[in-house]
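# Remarks on the overall topology
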Amino acid sequence: FLLNDKQKDCIIKMSDFGPSQEVAQCPSYAAALGYMGVAAAVCLSNWGSAIGTWKSGLSIVHTGIKHPASVMKNVIPIVMAGGVGIFGFFLGV
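Residues numbered from 1 in each chain as written. Predicted model: local features only at pLDDT ≥ 70, side-chain atom pairs only at ≥ 80, totals over all residues. Heavy atoms only, no water.

## Describing the environment of Trp47
Within the secondary structure, Trp47 sits in helix α2 (residues 30-66). What makes Trp47 exposed here is its relative accessible area of 59%. Expressed as a C-alpha distance, the spacing of Trp47 and Gly85, which sit 38 residues apart in the sequence, is 8.0 Å. (Helix = DSSP H or I, 4+ residues; strand = E, 2+ residues; numbered from the N terminus. Buried < 20%, exposed > 50% of the residue type's maximum accessible area, 1.4 Å probe, protein only.)

## Things to note about the side chain of Ser45
Along the polypeptide, Ser45 turns up in helix α2. Residues in contact with Ser45, not counting those within four places in the same chain, are Ala40, Val84, Gly85, Gly88 and Phe89. (Contact = heavy atoms within 4.5 Å.)

## A look at the environment of Gly57
Inspection of the secondary structure puts Gly57 in helix α2. For Gly57, a relative accessible area of 24% translates into the label partly exposed. It is 7.1 Å that separates the C-alpha atoms of Gly57 and Ile78, two residues lying 21 residues apart in sequence.

## Considerations on the confidence of the model for the protein
Per-residue confidence for the protein gives a mean pLDDT of 79; residues scoring 70 or more make up 74%. Looking at the elements of the protein, mean pLDDT is at its lowest for helix α1 (residues 5-15), recorded as 58, and at its highest for α2, recorded as 89. (pLDDT = per-residue confidence, 0-100.)

## Side note on the packing of aromatic side chains
Within the structure shown, the criterion is met by 1 aromatic pair. Centre to centre, the rings of Phe89 and Phe90 are 6.0 Å apart; their planes meet at 50 degrees, and the pair counts as tilted. (Phe/Tyr/Trp six-rings, centres within 6.5 Å; stacked < 30°, edge-to-face > 60°.)

## Here's the deal with the packing of α2 against helix α3 (residues 76-92)
Two quantities define a packed helix pair, namely the angle between the helix axes and the distance between the axes. As a packed pair, α2 and α3 sit with axes 8 Å apart at the nearest point and diverge in direction by 175 degrees. With respect to α3, the element α2 is oriented roughly antiparallel. Touching Val38, Ala41, Val42, Ser45, Asn46, Ser49, Gly52, Thr53, Ser56, Gly57 and Ile60 of α2 are Pro77, Ile78, Ala81, Gly82, Val84, Gly85, Gly88, Phe89, Leu91 and Gly92, all from α3. Tallied by class, the residues present in the contact of α2 with α3 amount to 10 nonpolar, 11 polar and no charged. (Axes fitted to C-alpha atoms, helices over the stretch in contact; angles between N-to-C directions. Parallel < 35°, antiparallel > 145°, perpendicular 65-115°, else oblique. Nonpolar A, V, L, I, M, F, W, Y, C, P; charged D, E, K, R; others polar.)

## What about α2?
Between its first and last C-alpha, α2 extends 54 Å over 37 residues, near the 54 Å set by a 1.5 Å rise per residue. Considered for burial, the residues of α2 that qualify are Ser45, Ser49, Ser56, Ile60 and Thr63. Buried-residue contacts for α2 involve α3. (Expected span 1.5 Å × (residues − 1).)

## Thoughts on a nonpolar patch on the surface
The grouping of Trp47, Ile51, Trp54 and Leu58 at the surface amounts to a nonpolar patch, some 480 Å² of accessible area in total. With respect to the element layout, Ile51 can be found in helix α2. (Patch = residues over 30% accessible without salt bridge, like charges linked within 9 Å, V, L, I, M, F, W, Y side chains within 5 Å. Areas by Shrake-Rupley, 256 points an atom, 1.4 Å probe, with all protein chains shown as cover. Salt bridge = Lys/Arg side-chain N within 4 Å of Asp/Glu carboxyl O.)

See below:
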């Protein structure tokens, strides 16, 4: 590569900086926002999973009263609600 004098000066000046003199590329609060996003993902997904499990469990109780033979068909939403909680945990990590 051919470099002009300005580019050579820029390369020399950047090499003069030590590790403690590097310029930050992102704001100081970026890590805090990232951790808040992780916490929100985990908390909200588990909250939604808990609500889904509660509503599905309630429907199983009502189905067991009215149609006892079809209770096992209604177990699927509880399993899916648990899967949402696990997915939210993996998303947060």
